[in-house]
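Secondary and tertiary structure notes
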Amino acid sequence: MGQYKKLWVILFTVLTLTFALLGYLGVEAYRQAPPVPEAFVSQSGEVIMTKEDVLKGQTAWQSTGGMELGSVLGHGAYQAPDWTADWLHRELTAWLDIVAQQQFGKPYAALDAATQAGLQVLLQEEYRNNSRIHDGKVILSPVRLQAIQSTAAYYDKLYGDDPSLAGSRESFAMKENTLPSSELRKNLSQFFFWTAWSASANRPDVNVTYTNNWPHEPLIKNVPTTENIVWSLISVVCLLAGIGFLVWGYSFLRGKEETIQVPVADPLTKLALTDSQKALGKYVFLTLALFMVQVILGAVLAHYTVEGQDFYGIPLSKYLPYSLIRTWHIQTGLFWIATGFLTAGLFLAPVVNGGKDPKFQAFGVNFLFLALLIVVLGSYSGNFFAINHDMPLELNFWFGHQGYEYLDLGRFWQLLLFVGFVVWLWLMLRCTVTAFKNGGDKNLLAIFIASIVGVGLFYAPGLFYGEHTNLTVMEYWRWWVIHLWVEGFFEVFATCALAFIFYSLGLVSYRSATVASLVAGSLFLVGGVPGTAHHLYFSGTTTPALAAGAVFSALEVVPLVLLGHEAYEHWSHQHAAPWMQRLRWPLMCFVAVAFWNMVGAGVFGFLINPPISLFYLQGLNTTAVHAHAALFGVYGFLALGFVLLVARYLKPDFEFNEKIMKTGFWLMNSGLVLMIALSLLPIGLFQISASISEGLWYARSEGFLQQGFLEVLRWLRTIGDTVLILGGLLFTLQITQLTFSRRKA
């Protein structure tokens, strides 16, 4: 470790403590998850629904696309309602109407305010205190059973093809007969009921529901808890303190910048391309091809929000419904971004190994490419057959659609994808570990290898839940992948890879590259690892998860304060030497990464991170703002920068058209800005007002979202989508020309 010993100790301490805390929160997730009772019964003991019925409903929900059609417990798509909040509100209003008719002979809405208030007290008493489980059973009152039957009848019509709800299905972007089986529609309703029961019933011996009083529902006083408010305030204090300490530390501890003599020629061009590196051209092309598929699918998806079943008059939903297009859109994003990162690693591995390939390295690279194609095409096919109900229900989870956002592909394809990451890890390690045999300082290599291991292995937690796993436990492991794997280890890998690249190019000193990698690893992971809990506030966890998520997700934002300096460094590298102009566009992509990391992950991320904020904002378009700005703006531009960098060395004689590249770069960034500023953010802001004043059910309801001015805002997204697509096409055109150029590598 030598001169870097303190930095290594800090990194090891951060990893030990943060994963210990995350592990503790995992144990709590298993212990505190909302129970699925063995049965819900009437007061006479008649079984209304069993645990098996609820679990069958979970499978039925997955077969419709799960989180890709509406959301459950706030997680999922945004066009259809949040089914938890929607079921709960419909059942509550049905209960009030039933009791009002029984006691006063008139609908609830016709009662005076005082009488309504009295009925609400009774409503709160019944629903908030309905968590008592006797011999594995929960007893439901006769009035509640009537309310459940009324709500279930609505859902049976909605998920079928009842003409009376055809307009609602179009508003929700649901195809006709979304779930053809009436028996499965009954099970689906039972699953939705269980999620609403979890969101309305107090935990034993406390006056807080299993979901920390989420969703906001004034009828039963589902409002922010005291802990929610306290930890939200603490998170803001932690953010300000973290920024202050970081600025002080950066100012006082940063050493004097070393003077670097930039080489007169690109050092990497002195290494002849190996066979495995030459095989990467198809990876570069696949990355851009999948990128274009994703943005085009995104445009189709956006159009579904204004014309719910058609695409400019074409009845597209009969064959490619919203839930399928959204599934492919999200999965394609992960596929092309991951491919870009894998490409960068496979290019760097022989560089680390002194410009040499181990035996059969090229074969391994080609085999991995074929495996990726099989996973992509196989998972797409499985999604298609599952959502169109051409696949037996018992095969859905394994080969069709898991139903969980970002991990939608069937478990079989997910296993193959993980095997692909392990193969990539093996290809990387057989090059990089060999380099340890050479003399000299190996600290930079060590942190680079550690980041490789993180990328290769931390997709595995997505395999730790099953078809019928409790949603709380599933969410815990799902966010290990989405948050920890992508936002944590991808971020550290990108930092280490860029540090190694810039050192290899002679732009920074070895010491600067090593220190930057170690410090960044600690800064990103100290907040990133336990900060995973901020996705679990209202998924069935308790106060420890809320506290850890609030504090550490605030600390995640702290390092982003220095991204302006990082952006300037990346931008200035292109002027370090004349030959660096060849790398101008990869560097500009890395500049964009710094900008969108600050805006998308920092500003829009913290907008929804404090518990008090997310209580009202979970499941609104404000989440989509953060997702687009962070996923594409940060990891998308990182992947584009990586493949452009690799492309420059694969075909060094190929000259990018500066006008095309410049236009494409700024169109993509402008398109993302327009998408957010003209559509997603304004809609989200209006939804916030509705969620705070009325409840989440209203902010996601047909009556609210189908208002004329909101439909206009959704149409305006077409402008941003079109601009972004044009920019992507220009980038893809250049990569296609490079890939099929006859110039020799």
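For the structure itself, consult the block above.
Attention here is on the structure that accompanies the text. (Residues numbered from 1 in each chain as written. Predicted model: local features only at pLDDT ≥ 70, side-chain atom pairs only at ≥ 80, totals over all residues. Heavy atoms only, no water.)

As for the overall build of the protein chain
Selection criterion: Only runs of H or I of at least four residues qualify as helices and only runs of E of at least two qualify as strands under DSSP, and these elements are numbered from the N terminus. Think of it in three bands: with a 1.4 Å probe and only protein chains considered, a residue is buried below 20% of the maximum accessible area for its type, exposed above 50%, and partly exposed in between. Residue contacts are counted whenever heavy atoms from the two residues lie within 4.5 Å of one another. Areas reported here follow the Shrake-Rupley algorithm with a probe of radius 1.4 Å; residue values treat only the protein chains shown as occluding. Charge convention: Lys and Arg are scored as positive, Asp and Glu as negative, and His as well as the terminal groups of each chain are ignored. Every charge is mapped onto a representative atom, which is NZ of Lys, CZ of Arg, CG of Asp or CD of Glu.
Each helix and strand in the protein chain was counted, giving 26 helices and 5 strands. The principal-axis extent of the C-alpha atoms belonging to the protein chain is close to 90 × 55 × 45 Å. Looking at the protein chain as a whole, 61% of its 745 residues are labelled buried. Across the protein chain, contacts joining residues at least 24 apart in sequence account for 78% of those joining residues at least 6 apart. Working note: accessible area of the protein chain is about 27700 Å², and carbon and sulfur atoms make up 66% of it. If the 45 positive side-chain charges of the protein chain are averaged to one point and the 49 negative ones to another, these points end up 12 Å apart.

Considerations on the nonpolar core
Keep this limit in mind: Only buried residues count toward a nonpolar core, which is a set of Ala, Val, Leu, Ile, Met, Phe, Trp, Tyr and Cys residues joined through side-chain atoms within 4.5 Å.
Ranked by internal contacts, the top residues of the largest apolar core, which has 233 residues, are Trp-83, Tyr-159, Phe-192, Phe-341, Leu-505, Phe-637 and Phe-642. A per-element tally of this core places helix 16 (residues 471-504) first, with 24 residues.

Details of a nonpolar patch on the surface
Here is the rule: Exposure above 30% relative accessible area and no salt bridge define the residues that can form patches, which grow by joining like charges within 9 Å and nonpolar side chains of Val, Leu, Ile, Met, Phe, Trp and Tyr within 5 Å. For this analysis, a salt bridge means a side-chain nitrogen from Lys or Arg found within 4 Å of a carboxyl oxygen belonging to Asp or Glu.
A cluster of nonpolar side chains, Leu-370, Ile-374, Leu-395, Trp-398, Phe-399, Phe-412, Leu-415 and Leu-416, forms an exposed patch at the surface whose accessible area comes to about 650 Å². Mapped by element, the contributors of at least two residues to the nonpolar patch are helix 12 (361-387), helix 13 (393-400) and helix 14 (411-432). Residue placement: Phe-412 occurs in helix 14.

Describing the packing of aromatic side chains
Two numbers describe a pair of aromatic rings. These are the distance of the centres and the angle of the planes. Put simply, the rule is: Any pair of Phe, Tyr and Trp rings, taking the six-membered ring for Trp, is counted once the centres come within 6.5 Å. Such a pair is stacked with planes under 30 degrees apart, edge-to-face with planes over 60 apart, and tilted for the rest. Note on geometry: a ring has a charge over it if NZ (lysine) or CZ (arginine) is within 6 Å of the ring centre and within 35 degrees of the ring normal.
Counted according to the given criterion, the structure contains 65 aromatic pairs. When the ring of Phe-595 is compared with that of Trp-596, the centres are 5.1 Å apart and the planes differ by 80°; the resulting orientation is edge-to-face. Pairing Phe-632 with Phe-637 gives two aromatic rings, centres 5.0 Å apart and planes at 45°, and the pair type is tilted. Residue Phe-632 is classed as buried on the basis of its relative accessible area, which comes to 11%. The side chain of Arg-90 reaches across the aromatic face of Tyr-154, ending 3.7 Å from its centre. Sitting over the ring of Tyr-649, Arg-582 keeps its end group 5.9 Å from the ring centre.

Here's the deal with the sheet that holds strand 5 (residues 137-140)
What counts, and what does not: By this definition, two strands are paired if DSSP reports at least two bridges between them. The convention used is that axes are lines fitted to C-alpha atoms, helices contributing only their stretch in contact, and that angles between N-to-C directions extend from 0 to 180 degrees.
Sheet architecture is open: 3 strands sit in the order 2-1-5, paired in mixed fashion. Every interior strand has two partners, whereas the edge strands, strand 2 (47-50) and strand 5, have only one. Adjacent strand axes in the sheet meet at a mean angle of 20° when their direction is disregarded. Strand direction decides the pairing type here: strand 1 (residues 39-42) and strand 2, joined by 3 bridges, are antiparallel. Opposite Val-41, over in strand 2, you have Val-47 as the bridge partner. Helix 5 (residues 142-159) rests against strand 1, strand 2 and strand 5 of the sheet, and its axis sits at about 90° to strand 5.

Let's talk about the pattern of salt bridges
Taken as a whole and assessed by the stated rule, the structure comprises 12 salt bridges. Between Glu-52 and Lys-56 there is a salt bridge, and its shortest N-O distance comes to 3.7 Å. Placement of the pair is Glu-52 and Lys-56 together in helix 2 (residues 51-63), with a separation of 4 residues, close to one helical turn. Here Glu-405 makes a salt bridge to Arg-326, at a shortest N to O gap of 2.9 Å. On the criterion of sequence distance, the pair formed by Glu-405 in the loop between helix 13 and helix 14 and Arg-326 in helix 11 (residues 322-352) is long-range, its members being 79 residues apart.

Observations concerning the packing of helix 1 (residues 5-32) against helix 18 (residues 543-557)
This is how the line gets drawn: For any helix crossing, the convention is left-handed if the near helix is rotated counterclockwise from the far helix by under a right angle, and right-handed if that rotation is clockwise. Ten residues, namely Ala, Val, Leu, Ile, Met, Phe, Trp, Tyr, Cys and Pro, are considered nonpolar, four, namely Asp, Glu, Lys and Arg, are considered charged, and the remaining ones, Gly among them, are considered polar.
As a packed pair, helix 1 and helix 18 sit with axes 10 Å apart at the nearest point and diverge in direction by 145°. The way helix 1 lies across helix 18 gives a crossing that is left-handed. Residues Leu-21, Tyr-24 and Leu-25 of helix 1 pack against Pro-544, Ala-545, Ala-548 and Phe-552 of helix 18. The residue makeup of the contact of helix 1 with helix 18, split by class, is 7 nonpolar, no polar and no charged.

Side note on the side chain of Asn-669
Topologically, Asn-669 is positioned in helix 23 (residues 658-693). If we ignore the near neighbours within four places in the chain, the residues touching Asn-669 are Ala-592, Trp-596 and Phe-637.

Description of the state of the cysteines
Spelled out, the test is: When two cysteine sulfur atoms are found within 2.5 Å, that pair is recorded as a disulfide.
With the rule as written, the count across this model stands at 0 disulfides. Free of any disulfide, Cys-431 has its nearest cysteine sulfur in Cys-496, 18 Å distant. Here Cys-431 falls in the buried class, since its relative accessible area comes to 0%.

Side note on helix 2
We count it as follows: Helix span, expected: 1.5 Å multiplied by one less than the number of residues in the helix.
Taking 1.5 Å as the rise per residue, helix 2 with 13 residues should run 18 Å; its terminal C-alpha atoms sit 19 Å apart, in good agreement. For helix 2, the buried fraction is high: 10 of the 13 residues fall into the buried class. Among the residues of helix 2, Asp-53, Val-54, Leu-55, Gly-57, Gln-58, Thr-59, Ala-60, Trp-61, Gln-62 and Ser-63 are the ones counted as buried. Backbone geometry just downstream of helix 2 places Gly-65 in the positive-phi region, at approximately 115°.

Considering unusual backbone geometry
Of note, the amide linkage connecting Trp-214 to Pro-215 takes the cis form, showing an omega dihedral of 0°. Checked against the element boundaries, Pro-215 lands in the loop between helix 7 (182-200) and helix 8 (226-253). The phi torsion at Leu-73 lies on the positive side, around 55°, for a residue other than glycine. Backbone geometry at His-389 places phi at a positive 60°, although glycine is not the residue there. What makes His-389 partly exposed here is its relative accessible area of 25%.

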